[in-house]
Amino acid sequence: MENRCKMVILDILVKKKVDSFTIFASLPDMGRVGGLVSSFLASNLGTEHIANIISNPKPWVNVKDGIVASAKDTYKIYFAKREKLLILTGEAQPEDHRELLDLCNTFLDFCTSIGPVKRLYTAGGSLNEMITGEPRVVGVATNAELMEILQSSNVDTLDSEFTTITWFNGLILGLASDRNIGAIGFYGEISDKTLPQPLAAKSIVKSFAKIERLSISTKPFDAQYEDVLDHIERNKGMKNLDH
């Protein structure tokens, strides 16, 4: 009966107890930046899949070869033992604000149940149509000490014209702060929010690795960027054929 009241369900695959660890939790947003960062970390570090957070069924079903199945979102949680890094990633953001709150709190409850959290990071895209060259990373933090860490790592503060950060990649910072967990948000500048932006994600991973003093190769992002360029070229070709 309890699960019926909740918008998400936690499914623990591997029980963990850790002395101290860092969190990186982000979901796809504009340019899919948040999802690109977290999925990259989950795929390219030596991670173990330890839990899922599963949404309630959507108000529709999926159909494949005539077979119907409930449509649910699954948010996957991984742990990288060497880096002592817990990662949450997924393919989408919750569409319902109640599900969003439940996802964030269920995730943070799980995190604090396995050990003391050193710090939480999240990531997303920040639209700047005038961007040139390597995407700049801008940041926010939940206290002045973490702001100093950002500044000493050459991460600029998010422009003052931005006064809110919406959905998971913003809300998770506030809820972490409410639990006295220090948190940092990285936002990679993008000029097009409709296409995946792997170079913005690459810049974020570089900034994260610098602060945490981790050695992480970002070369896979270059291959992703080539795929995006190929997609753009193919679309141009199709448009030329239409004319």
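Fair warning: this is a prediction, and the values are worked out from it, not measured in the lab.

Cut-off values and rules
- Residues numbered from 1 in each chain as written.
- Predicted model: local features only at pLDDT ≥ 70, side-chain atom pairs only at ≥ 80, totals over all residues.
- Heavy atoms only, no water.
- Helix = DSSP H or I, 4+ residues; strand = E, 2+ residues; numbered from the N terminus.
- Buried < 20%, exposed > 50% of the residue type's maximum accessible area, 1.4 Å probe, protein only.
- Contact = heavy atoms within 4.5 Å.
- Areas by Shrake-Rupley, 256 points an atom, 1.4 Å probe, with all protein chains shown as cover.
- Lys, Arg positive; Asp, Glu negative; His and termini not counted.
- Charge placed at Lys NZ, Arg CZ, Asp CG, Glu CD.
- 1 Å grid on protein atoms, 1.4 Å probe; cavity = no way out; pocket = protein on both sides within 12 Å on 5 of 7 lines; lining within 4 Å.
- Points joined across faces, edges and corners; volume = space filled by probe spheres on them.
- Nonpolar A, V, L, I, M, F, W, Y, C, P; charged D, E, K, R; others polar.
- Salt bridge = Lys/Arg side-chain N within 4 Å of Asp/Glu carboxyl O.

K.L.:
Honestly, the overall build of the protein chain in this entry has me stumped. Any pointers?
P.N.:
The number of helices and strands found in the protein chain is seven helices and eleven strands. Dimensions of the protein chain, computed from C-alpha atoms along their principal axes, come out at roughly 60 × 55 × 35 Å. Looking at the protein chain as a whole, 45% of its 243 residues qualify as buried. Within the protein chain, contacts between residues at least 6 apart in sequence are counted, and of these 75% link residues at least 24 apart. For the protein chain, the exposed area adds up to about 13,200 Å²; of that, 50% sits on carbon and sulfur atoms. Looking at the protein chain, you have 27 positive and 31 negative side-chain charges, and the mean spots of the two groups are 6 Å apart.

K.L.:
Any chance you could explain the layout of surface pockets here in plain terms?
P.N.:
Over the atoms rolls a probe the size of a water molecule, and its path tells where empty space is left. In this structure, the largest pocket spans a volume of roughly 320 Å³. Lining the largest pocket are 15 residues, and of these Asp-29, Met-30, Gly-125, Ile-165 and Thr-166 sit closest to its centre. For the lining of the largest pocket, the class distribution of residues is seven nonpolar, seven polar and one charged. By volume, the second largest pocket is sized at about 260 Å³. Lining the second largest pocket are 18 residues; nearest its centre among them are Ser-191, Asp-192, Gln-197, Leu-199 and Tyr-225. Put simply, the parts of the chain that give the lining of the second largest pocket at least two residues each are β11 (183–190), α6 (198–212) and α7 (219–242). At four residues, α7 tops the list of elements feeding residues into the lining of the second largest pocket. Residues of the lining of the second largest pocket, tallied by class, amount to twelve nonpolar, four polar and two charged.

K.L.:
What is the right way to look at the pattern of salt bridges in this model?
P.N.:
Close approach of charged atoms allows side chains with opposite charge to pair. Taken as a whole and judged by the stated rule, the model has 14 salt bridges. Note that Lys-206 and Glu-134 form a salt bridge whose closest N and O atoms lie 3.8 Å from each other. Taken together, the residues Lys-206 in helix α6 and Glu-134 in the loop between β8 (117–127) and β9 (137–141) connect sequence positions 72 residues apart. Classification of Lys-206 as partly exposed rests on a relative accessible area of 39%. Taking relative accessible area as the criterion, Glu-134 reaches 55% and is therefore assigned exposed.

By themselves, these figures tell us nothing about what the structure is for.
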